[in-house]
Amino acid sequence: MVKQGRFARSSKMKQIKAIRKRMHQPAGRIIHPDQFQDFVLVRYGLTLKKRLTGVDKETVQRFIQELLVVTPIDQTWQLNQILRDTLRSIGNKVPYQFYRIVTNNWPEIQHFLQREIPAVPLANRILVTNPVSDSQLQEIVSAELAGNTMIEMVHENPAMEKMITDEPYTTLQTNLLSDGKIDWQKVAAIFTPIHFDPNIAEDAGTKQWLEQLIKE
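Residues numbered from 1 in each chain as written. Predicted model: local features only at pLDDT ≥ 70, side-chain atom pairs only at ≥ 80, totals over all residues. Heavy atoms only, no water.

(A) Spotlight on the side chain of Asp 183. Following the sequence through the fold, Asp 183 ends up in the loop between strand E4 (181-182) and helix H9 (184-191). Within the buried set, Asp 183 has no salt-bridge partner at all; the shortest N-O distance to an opposite charge, 4.4 Å, is to Lys 186. With residues near it in sequence (within four places) discarded, Asp 183 still touches Leu 176, Leu 177 and Ser 178. (Helix = DSSP H or I, 4+ residues; strand = E, 2+ residues; numbered from the N terminus. Buried < 20%, exposed > 50% of the residue type's maximum accessible area, 1.4 Å probe, protein only. Lys, Arg positive; Asp, Glu negative; His and termini not counted. Salt bridge = Lys/Arg side-chain N within 4 Å of Asp/Glu carboxyl O. Contact = heavy atoms within 4.5 Å.)

Right under this line is the structure:
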């Protein structure tokens, strides 16, 4: 397992409660940009999270957290590019099951972002554009999975790194697809031997979550 940094912690309840209190203040109140991430996570807890089950609840929350970290709030949100950027920032810090859960829940995640992000009471509201179609979703996620595999292959092997070209990368991405959709059995066959190590987690809660993901 390539250690590419640690995955973001789940938000603390104290922060969530503080934002909930502020949300009950009179309508028309403008929030400071520093409050944006917590505000969105509270909205997630009040809406989408309640409709998810099991480990999907925390997995989607952590995906949204990472998305909020890598996405500036002073520009239009293009969802197709945001999805690529977020998955690229996550990389191999999570097992492949993370990508499967995000893919399965993407329609709900996207709907949440389209509805909630423009509604955040910033002085300059965020415009959300370029929704991701199912075919784009399969292409984007499979590309990131193929890239993660290549990273594992060349890790600490400079000679192999020089041999890697776009051709094997494209071939691998194509091999992960069946009829235009990701074949998760093929993904499992590639990533299972890698033996993802949950001990890379920075805290006990994240480790427990990663251990749950591996069993999915």
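Picking up where we left off.
(B) Helix H3 (residues 56-70), seen in detail. Between its first and last C-alpha, H3 extends 21 Å over 15 residues, near the 21 Å set by a 1.5 Å rise per residue. Of all 15 residues in H3, eleven are buried; the element is thus mostly enclosed. Check the buried side of H3 and you find it contacts helix H2 (36-46), strand E1 (77-78), helix H4 (79-90), helix H5 (96-116) and helix H10 (204-214). (Expected span 1.5 Å × (residues − 1).)

(C) Seen up close, the pattern of salt bridges. Under the criterion given, the structure shown has seven salt bridges. With a shortest N-O distance of 2.8 Å, Glu 58 and Arg 62 are connected by a salt bridge. Remark: Arg 62 and Glu 58 occur in helix H3; sequence separation between them is four residues, near one turn of the helix. A salt bridge links Lys 93 to Glu 66, with the shortest nitrogen-to-oxygen separation between them at 3.7 Å. Note that Lys 93 is positioned in the loop between H4 and H5 and Glu 66 in helix H3, a separation of 27 residues in sequence.

(D) Inspection of the nonpolar core at higher detail. The biggest cluster of nonpolar side chains holds 52 residues, and the ones touching the most others in it are Phe 63 and Trp 77. With nine residues, H5 is the single largest residue contributor to this core. If near-sequence neighbours (up to four positions away) are discounted, Trp 77 is found in contact with Phe 36, Leu 67, Leu 68, Thr 71, Pro 72, Ile 82, Leu 113, Ile 117, Ile 126, Leu 127, Val 128 and Thr 129. (Core = buried A, V, L, I, M, F, W, Y, C linked by side-chain atoms within 4.5 Å.)

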